[in-house]
Amino acid sequence: MSEDKFDVIIVGGGPAGLAAAFVLAKAGKQVIVLERGEYCGSKNVFGGILFTGILEKLIPDYLKDAPLERNVTRRGFSLLTPTGELGGGFKFDKFNTAPFNNSFTTLRAKFDNWFAGKAEEAGAMIITGATVDDFLYDTDGKIKGVKARMDDGDILGDVVILADGVNSLLAKKIKLHKELDPKYTIVAVKEIIQLTEEKVADRFHLNGNEGAALEYFGCAAKGAVGAGFVYTNKDTISIGLGASIKSLMEHKLNPNDALEYFKNHPAIAPLIRGGEQREYSAHLIPDGGYDHISKLFTDNVLVAGDAAGFVNNTLFHEGTNLAMQSGVSAAETVIEAGTRKDFSAASLSVYKTKLEESFVLRDLKQFRKTTDALDANPQLFEKYPKMLEELVSELFTPDGEPKWDKEMKLMGKLLKQESPWGLIKTALAMRRVII
Amino acid sequence: MTARIFTGIEDKLGLDKFKAFHKPHLTLEKKDVDQKKLVEEKLFICPAKVYTLNDKNEMVISFENCLECGTCRVVCPEEIGWEYPMGGHGVTYRFG
Ligand SMILES: Cc1cc2nc3c(=O)[nH]c(=O)nc-3n(C[C@H](O)[C@H](O)[C@H](O)COP(=O)(O)OP(=O)(O)OC[C@H]3O[C@@H](n4cnc5c(N)ncnc54)[C@H](O)[C@@H]3O)c2cc1C
Ligand code: SF4
């Protein structure tokens, strides 16, 4: 392939890389996507809800044929206690009409492959089974392409967009990203559980194609700093658990053991009862937020999506839309730089400005303290859920004692376990996660 | 529907599709480390139980079971040599 020179080389065929490829191909650029998997999506795992706000701008009629599972009308947020849950959430019928809340449960092996097809139709060249290991440099030490592990794997291009996901070995190779920090990295494990369409609907109180997305905090990860999720697909359930690598190490807990604890929790077990396992997967999530994103550009190179650390891992759990938006912004940056015929770092620096102005970096900035707040308050994951269960269950067990007396007694009990300052500190930390 | 529920990692891996490549993509870089300690104190975290000990307390790396998550890379950046498997090889998710 060394004879050809591309305008843009994209490493990674996930949401970030494919969104970039789509925009560049539409603009008439010669663009190649190199994906290491057998097909796009074959290495990718998420919860997950695909957030389609950006996708819709690229492909307005995506609802016609995108492989989406269910439109999410119900979202639940529960605090798991040792034997139960304290829950909340919402379900709105208005989410049943377009744009469907821009939220769809999805399976990545299907979706990414479909998106790759759209990028190809737009004119991008997609090469799968191509693992990129390194860059190619010209005599001045400037990056002029990449080296893929295959025959004729030296590929030349004006610009390289690194959309190679959370483990971005390439961004680390050129020192745009430091090694991932266990405190700011989540490892998630997930299973696909087969039920029937009818069972999924009945069990989760859904009509037609409605879907539910349930998140579980508190002691979901057997005391480690982490959270569990249950999402409904058409006739399967996505169930999984993510926890900070640092916290799992401290608890000497293997992620699968944490997942088994979650699956067997009395509040969770009935949701998957009688189902058949179909797949087991594992994936990392960058969790450093605004203060740990990578350097976003250098001469001839841009970084997008998880490779840059763009995940809003708060209550919102958004990654796919940040990936797509950053892919689009990277593509627009390259198109503008192309008119100047200048792909130096200075010329590519508008990429950062674009992201600073968009929801990508604005949201990450707003929630920049979340991970530190959770890490500093491990009581949220064991002690507090336990205390809450005790309080609420006693309060809701009528036993002839007047409510006032009971409340005073419980308050005394609570303050024996935790100081008022401890409670306030935790409440403040929680604020970091929500607003 | 009859339920078939696996709880152990080995069984769960049997659900997944793998295409092994002959050359390992995971290696022990620091030969002089205490391999027993490395597995028991750090690499126990692997969600695919790729790292185990044989009866001589040497580390065995079952790289063909790797889910390519990168966790071992994060906890042992020095000790473990980590690269992506050959393109098209390794795990292939059908759901993801
Ligand atoms: C358990 C879990 C739950 C999540 N839940 C949600 C959710 O509900 N909603 C949401 O929006 N987001 C969620 N996310 C986050 C979301 O999945 C990511 O933010 C998103 O996939 C990032 O897209 P990307 O294109 O940057 O990276 P990826 O999707 O990881 O794509 C990177 C691609 O690059 C390829 N690649 C890597 N290295 C190379 C190389 N050297 N050569 C060639 N190809 C390479 C990979 O095979 C892959 O296809 C979740 C993540 C996880 C792990
Ligand atoms: S990459 Fe993940 S699955 Fe593979 S050996 Fe490392 S920790 Fe285990």
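No experiment lies behind these values; they were computed from the predicted model shown.

Peer 1: Pulling in residues and values, what's your account of the packing of helix H11 (residues 350-357) of chain A against helix H12 (residues 359-366) of chain A?
Peer 2: Residue and element names in this part refer to chain A. Relative to each other, H11 and H12 sit at 60°, their axes nearing to 4 Å. Across the interface between the two elements, Lys352, Leu355, Glu356 and Glu357 of H11 pack against Phe359, Val360, Leu361, Arg362 and Lys365 of H12. Within the contact of H11 with H12, the residues separate by chemical class into 4 nonpolar, no polar and 5 charged.

Peer 1: So, the site of ligand 1: which residues are in play, and what are the values?
Peer 2: Ligand 1 sits among 37 residues. The nearest are A:Glu35, A:Ile49, A:Arg108, A:Asp306 and A:Thr320. Those residues lying near ligand 1 are distributed over chains A and B. Note that a nitrogen atom of ligand 1 is positioned 3.2 Å from one of the backbone N or O atoms of A:His317. One nitrogen or oxygen atom from the main chain of A:Gly319 is found 3.0 Å from an oxygen atom belonging to ligand 1. Here ligand 1 loses 96% of its free accessible area of 990 Å² to cover by the protein chains. Going through the elements one at a time, helix H1 (15-26), strand S2 (31-35), strand S3 (49-51), strand S15 (276-286) and helix H9 (320-340) of chain A are the ones with two or more residues in the shell around ligand 1. Split by residue class, the shell around ligand 1 holds 17 nonpolar, 13 polar and 7 charged.

Peer 1: A description of H9(A) should follow, citing residues and the corresponding values.
Peer 2: Here H9(A) contains 21 residues, and its C-alpha end-to-end distance of 31 Å stays within 8% of the 30 Å for a straight helix at 1.5 Å per residue. By the criterion of burial, H9(A) is predominantly enclosed, with 16 of the 21 residues buried.

Peer 1: Lay out the environment of A:Val225 with the relevant residues and their values.
Peer 2: Residue and element names in this part refer to chain A. Summarising the element assignment, Val225 is placed in the loop between strand S12 (210-218) and strand S13 (226-232). According to the relative accessible area criterion, Val225 is buried, its value standing at 14%. For the pair Val225 and Ile186, spaced 39 residues apart in sequence, the C-alpha to C-alpha distance is 9.5 Å.

Peer 1: If you had to explain the interface of chain A and chain B to someone new, which residues and values would you point to?
Peer 2: When the parts come together, some accessible area is lost, and that loss is often what is quoted as the size of the interface. Counting residues at the interface gives 55 residues for chain A, matched by 45 residues for chain B. Between chain A and chain B, a total of about 4400 Å² is buried, with carbon and sulfur atoms accounting for 54% of that surface. In this structure, the salt-bridge partner of B:Glu83 is A:Arg149, at a minimum N-O distance of 3.9 Å. The interface formed by chain A and chain B includes 31 residue pairs in polar contact (both at pLDDT 80 or more). Among the secondary structure elements, those contributing two or more residues to the side of chain A that touches chain B are helix H3 (108-122), helix H4 (169-173), strand S11 (185-194), helix H6 (245-250), helix H7 (255-264) and S15 of chain A. When residues of the side of chain A that touches chain B are assigned to their parent elements, the largest contribution, 9 residues, is made by S15(A). Among the residues making up the side of chain A that touches chain B, the classes are represented as 22 nonpolar, 15 polar and 18 charged.

Peer 1: Please set out helix H14 (residues 383-395) of chain A residue by residue, giving values where relevant.
Peer 2: All names here are of chain A. With 13 residues, H14 extends 19 Å from end C-alpha to end C-alpha; this agrees with the ideal 18 Å at 1.5 Å per step. Every buried residue belonging to H14 is among Tyr384, Pro385 and Met387, and all of these are buried. Seen end-on, H14 carries its buried residues on one side only, within an arc spanning 160°.

Peer 1: So what's going on with the pattern of salt bridges? Residues and values would help.
Peer 2: Residues and elements named next belong to chain A. Scanning the entire structure with this criterion turns up 35 salt bridges over all chains. The closest approach of N and O atoms between Lys118 and Asp65, which form a salt bridge, is 3.2 Å. Taken together, the residues Lys118 in helix H3 and Asp65 in the loop between helix H2 (53-58) and strand S4 (68-80) connect sequence positions 53 residues apart. You can call Lys118 buried: its relative accessible area is 14%. Between Glu191 and Lys263 there is a salt bridge whose closest N-O contact spans 2.9 Å. Taken together, the residues Glu191 in strand S11 and Lys263 in helix H7 connect sequence positions 72 residues apart. For the residue pair Glu191 and Lys263, the accessibility class agrees, reading buried in each case. Each of Lys183, Lys246, Glu250, Asp372 and Asp375 takes part in salt bridges that share partners, so that together they form one network.

Analysis parameters
Residues numbered from 1 in each chain as written. Chains lettered and ligands numbered in written order. Predicted model: local features only at pLDDT ≥ 70, side-chain atom pairs only at ≥ 80, totals over all residues. Heavy atoms only, no water. Axes fitted to C-alpha atoms, helices over the stretch in contact; angles between N-to-C directions. Helix = DSSP H or I, 4+ residues; strand = E, 2+ residues; numbered from the N terminus. Contact = heavy atoms within 4.5 Å. Nonpolar A, V, L, I, M, F, W, Y, C, P; charged D, E, K, R; others polar. Near = heavy atom within 4 Å. Polar contact = N/O pair within 3.5 Å; in protein donor to acceptor, adjacent residues only side chain to side chain. Areas by Shrake-Rupley, 256 points an atom, 1.4 Å probe, with all protein chains shown as cover. Expected span 1.5 Å × (residues − 1). Buried < 20%, exposed > 50% of the residue type's maximum accessible area, 1.4 Å probe, protein only. Buried area = accessible area lost by both parts, 1.4 Å probe. Salt bridge = Lys/Arg side-chain N within 4 Å of Asp/Glu carboxyl O. Arc of directions from axis to C-beta.

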